[in-house]
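Geometric and topological summary
Each chain, written out:
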Amino acid sequence: MTDKTETERSPWADAVLAAALVAVDPAGTVGVALRSLPGLARDRWLATLKSLLPPGVPVRRLPLHIDDSRLLGGLDLAATLRAGKPIAERGILAETDGGVLLVAMAERVSAGTAARLAAVLDNGGVTVERDGIRIDSPTRFGVVALDEGMTEDERPPAALADRLAFRLDFEGVSPEPPADDCPDADDVAAARKRLADVTAPDEVVEALCGTALSLGVDSLRAPLLALAVARAHAALAGRWEISKEDAAIAARLVLAPRATRLPMPPPEEEQPPQDDEPPDQPPPEGENEQPENVEDRPLEDMILEAVKAAIPAGILEQLKLAGRIKPRAPSAGRAGHLQKTKLRGRPAGVRRGEPRSGGARLNVIETLRAAAPWQPLRRREREQSGGQSGLAERTARVEVRKDDFRITRFKQKTETTTIFVVDASGSAALHRLAEAKGAVELLLAECYVRRDQVAMVSFRGKAAELLLPPTRSLVRAKRNLAGLPGGGGTPLACGIDLAVMLADQIRRKGQTPFVILLTDGSANIARDGAPGRPKAEEDALASARALRAAGLTALLVDTAPHPRPLARKIAAEMDAMYLPLPHADAAAISGAIKAVTPPRESLAG
Amino acid sequence: MALVFPFSAIVGQDEIKLALLIAAVDPTVGGVLAFGDRGTGKSTAVRALAQLLPKMKVVVGCPYACDPDKPAPACEHCRGKKEGELKSRQVQVPVVDLPLGATEDRVVGALDLERALTQGVKAFEPGLLARAHRGFLYIDEANLLEDHLVDLLLDVAASGENVVEREGISIRHPARFVLVGTGNPEEGELRPQLLDRFGLSVEVRTPEDLATRIEVVRRRDAFERDPEAFVAKWKKDDDKLRRRLLAAREKLPSVKVPDATLESAAKLCMGLGTDGLRGELTLIRAGRALAAFDGDATVGDKHLRRVAPSALRHRLRRNPLDEAGSTVRVERALQEHFGA
């Protein structure tokens, strides 16, 4: 297909190649996580993908707030009423069988939807158990997750992203005119025929697994996906056996974007930063044996070379970041719906009523159930009343009356996310930091029961950073907290600013943020990172006012051994509660916070 | 649905395989919870188990799949019938999926809509819980299961009986099943009450040595390319394992638990400070099932040692400030009690 060396290929050419490979084997490669704002590049790419797919292959778009009955399938209301017995309707997933599913705004997809998608991808079929029906339909399709996230934190749920072979990022990429060597629809059609018979030599499987391991790619799905991609590439190139080139390209496209470390020749040199390492993983034992293993694996070396060339410079910085906020899905950990509306939340029973004002949702199944016992009686009644009833009524098999209407009531707790803003500077002595960490963990331990989440921002040196994106997971919290270093200046303003930003994001997800600031209030770094106490204090006060303007509820815990007026003043500007706790330990801090935190058991609907 | 990856072909993952087999030998051990990273084959193992399980005898026509030798007292169909009256047949042990997004009526059962609409008959249509009776109920992503379904499950799993009171239907039927859940700890914690319902809890890790990983990928690829041939290739091993399971079930009642073993178990649990007696009970039961599976006549320390991590790790009192995970704590206690 091409004689260009791999490094010469532009990102656009890679993207087109990925589209072709997805078109060859949508179910095997599973798909693409496409990070891009809507625009020319994305439109052109999607058009390319569609043009490569054989005619008649379904391409469906999955809207963000799809409900389960349309996603998985359910009761076809119109047909049910017409026929007088339950008629099932297939959902979007089943309708996409053999084709490609476009997931719109993938970065906003809830963990629940992602889990449903993942189950269908894993099982190769949709299983529905709802509305009194059961459907099993074998379903295989590819997914294109359209990720429009802007910040590092907005990512598609990991459960979904992990299952997709390709990761494309169109930032700064512009579409190019199709090159001569671009595969066309005929090539794809030929490749699809060939695909099933393409064999994988052992050394290819070994090399792909080895490469994944050297790059620190944990999930076993990655080498499997790479193998599927290599096979699709071989088929596209007209080969019956996966070649070295196929494997190298697959590794570059699939494994390189997943790398969590650069392959290093002598393993003993490897000293990754602490928080870089995935959770509770002692350095893998396999690693020590690796030199022997690698020795007689020229293919793996070759692939690694190709992959290394594809990892852009400066990736290590990004990797560190990725390691810290590893499961990037901001909404991971929360099942269910995020919107604050009467029509969402957990169903809290059904009652008789009318779905008139739009303030309630008709529960079709329960309505039919309520009507069912009366059918013979009503039919008789109708017959007795003679032929004057209209045609429509006579053809209606099920007679539903006003009394039968049942509506579903929903209950939704407004979730609270507590944002801890922790002063990790030198002035807030280190042991205070340990206590703050302890308090966060203690509060988190109760979170599952209360359905709350915790996030953590720390500030020290010249800037603030998001240490822990909103989560309910103890595992994540522990991992991220463990790596929190202390020392340096006190950029209090930056800390507050970041908290306000985070609170805004949280609020947009329909949750209630609550800010807890643990500091001694001795700001000495201004917002722009310049040292100097007066400017720093002024900035901190300004940030505090911004917090109040945003209408956030906050609590300031003064951790200084001898509380100073500035902390109190900042609290006043924030309109926050002020709590001086000079000698408290983790348990006391968490106790005090619990005591002053308002109860939050509001139900909607 | 499509063919399932054979149980014997699963590479490594000894802990989850053992836990599932133990639950299959003795369902009273309680369910199995498998928590672990993505892509480690948790679901694969559970689905493979479904194919492995030996068939069971059920009463013909009983909606709740009663055992002809021992019909459940709560079963309306079989109650009051004499022994000779019940015809039986062999069926596959059910492994019922509780998919996310399942509605309450499908889980507990509800008025049969079709019969109600067409014939005006008030009939009960059994739900997932009825189907799972005497088998396994599998919840993937257990930590994402909606709360009201969790509530339902907790009650039924504790009582072994499903009581339905809705739409003018008042019915109770047996629902004894082994709960199997999988999940990813990164997605959030499990409710403590639900955690407690699982007899065994295992941690699933991604294998880290190259050879194992290559083998996993190779087998998976072979399976996906030609499922029939792959399943046929492993049939012998699966059959062998199935026979071993059957033998273990038969042997189970005769396996002795010596006082010394009881004492070991009690000491271990006290040392770890597990809540309640459930930990000890599960430990002993799991140990007995393992002994039966291994063909041993008595339960000894070696059996306890192997099942202790799964039986106890989720029963430790949580101390969020303790950096060491519960697995490490159980290991430490095992070292203390049984020596290295």
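Analysis parameters
Residues numbered from 1 in each chain as written. Chains lettered and ligands numbered in written order. Predicted model: local features only at pLDDT ≥ 70, side-chain atom pairs only at ≥ 80, totals over all residues. Heavy atoms only, no water. pLDDT = per-residue confidence, 0-100. Contact = heavy atoms within 4.5 Å. Pairing = 2+ DSSP bridges. Helix = DSSP H or I, 4+ residues; strand = E, 2+ residues; numbered from the N terminus. Axes fitted to C-alpha atoms, helices over the stretch in contact; angles between N-to-C directions. Core = buried A, V, L, I, M, F, W, Y, C linked by side-chain atoms within 4.5 Å. Buried < 20%, exposed > 50% of the residue type's maximum accessible area, 1.4 Å probe, protein only. Parallel < 35°, antiparallel > 145°, perpendicular 65-115°, else oblique. Left-handed = near helix turned anticlockwise from the far one by under 90°. Nonpolar A, V, L, I, M, F, W, Y, C, P; charged D, E, K, R; others polar.

Focus: the confidence of the model for chain A
All names here are of chain A. Looking at chain A, pLDDT values average 74 and 74% of them are 70 or higher. Below a pLDDT of 50 lies the segment residues 265–295, which in the model reaches 31 contacts outside its immediate sequence neighbourhood of four places, other chains included. A low-confidence stretch, residues 313–343 (pLDDT under 50), is modelled with 78 contacts involving residues beyond four sequence positions or located in other chains.

Looking at the sheet that holds strand 2 (residues 59–62) of chain A
All names here are of chain A. Taken together, the five strands give an open sheet; going across it, the order is 2-5-8-1-9, and neighbouring strands pair in parallel fashion. Every interior strand has two partners, whereas the edge strands, strand 2 and strand 9 (166–169), have only one. On average, adjacent strands in this sheet sit at an angle of 20 degrees to one another, irrespective of strand direction. Alignment of strand 5 (residues 100–103) against strand 8 (residues 142–147), held across four bridges, turns out to be parallel. Looking at the pairing, Val100 lines up with Gly142 of strand 8.

Quick notes on the nonpolar core
Ranked by size, the top nonpolar core spans 99 residues in total, and within it A:Trp45 and A:Phe166 carry the most contacts. When sequence neighbours within four positions are dropped, the list of residues in contact with A:Trp45 reads A:Trp12, A:Ala15, A:Val16, A:Ala19, A:Val32, A:Leu34, A:Val144, A:Leu168 and A:Phe170. The next biggest cluster of nonpolar side chains, apart from the first, holds 64 residues, and it includes B:Val32, B:Val178, B:Cys269 and B:Ala333.

Side note on the environment of A:Lys50
Along the chain, A:Lys50 falls in helix 3 (residues 40–52). Taking the C-alpha atoms as reference points, A:Lys50 and A:Ala19, separated by 31 residues in sequence, lie 8.8 Å from one another.

What about the packing of helix 1 (residues 14–25) of chain B against helix 9 (residues 227–251) of chain B?
Residues and elements named next belong to chain B. Where helix 1 contacts helix 9, the axes come no closer than 9 Å and their chain directions differ by 50 degrees. Put simply, helix 1 runs oblique to helix 9. Remark: the crossing between helix 1 and helix 9 carries right-handed chirality. Counting all contacts with helix 1, which are made through Leu21, Ala24 and Val25, the residues of helix 9 involved are Leu245, Ala248 and Arg249. The residue inventory of the contact of helix 1 with helix 9, partitioned by class, reads five nonpolar, no polar and one charged.

Let's talk about the pairing of strand 8 of chain A
Residue and element names in this part refer to chain A. Among the six residues that make up strand 8, six are buried, leaving the element largely enclosed by the rest of the structure. In strand 8, alternate side chains face the same way, and those of Gly142, Val144 and Leu146 on one face and Val143, Ala145 and Asp147 on the other are all buried. As paired strands, strand 1 (residues 31–35) and strand 8 are joined by five bridges and run parallel to one another. Within the sheet, the bridge partner assigned to Leu34 lies in strand 8 and is Leu146.

So, the side chain of B:Thr206
The residue B:Thr206 is located in the loop between strand 11 (200–204) and helix 8 (210–225) in this model. Given a relative accessible area of 5%, B:Thr206 falls into the buried group. Contacts of B:Thr206, omitting those with residues within four sequence positions, involve A:Asp218, A:Leu220, B:Asp37, B:Thr40 and B:Arg213.

Considering the sheet that holds strand 1 (residues 32–36) of chain B
All names here are of chain B. Reading across from one edge, 4-7-10-1-11 is the order of the five strands in this open sheet, with parallel pairing throughout. Edge positions in the open sheet fall to strand 4 (95–97) and strand 11, since each of these has one partner strand only. On average, each strand axis in the sheet is inclined to that of its neighbour by 20 degrees, with strand direction left out of account. When strand 1 meets strand 11, the two strands line up parallel, connected through five bridges. Within the sheet, the bridge partner assigned to Ala34 lies in strand 11 and is Val202. Strands in contact with helix 1 are strand 1, strand 7 (136–139), strand 10 (178–183) and strand 11; relative to strand 11, the strand with the most contacts, it is inclined by about 160 degrees.

Topic: the environment of B:Phe338
Residue and element names in this part refer to chain B. Examined against the element boundaries, Phe338 turns out to sit in helix 13 (residues 326–338). Take Phe338: its relative accessible area is 19%, and that puts it in the buried class. Separated by 74 residues in the primary sequence, Phe338 and Ser264 have C-alpha atoms spaced 8.7 Å apart. Phe338 has contacts with Ser264, Leu268, Asp301, Leu304 and Arg305, leaving out every residue within four places of it along the chain.

Focus on the packing of helix 22 (residues 492–508) of chain A against helix 23 (residues 533–549) of chain A
Residue and element names in this part refer to chain A. At their nearest, the axes of helix 22 and helix 23 sit 8 Å apart, and the two run at 15 degrees to each other. Comparing their axes, helix 23 and helix 22 come out roughly parallel. Helix 22 and helix 23 meet at a crossing whose hand is left-handed. Taking contact as the criterion, the partners of Leu492, Ala493, Ile496, Asp497 and Val500 in helix 22 are, on helix 23, Asp539, Ala540, Ser543, Ala544 and Leu547. In terms of residue class, the contact of helix 22 with helix 23 is made up of seven nonpolar, one polar and two charged.

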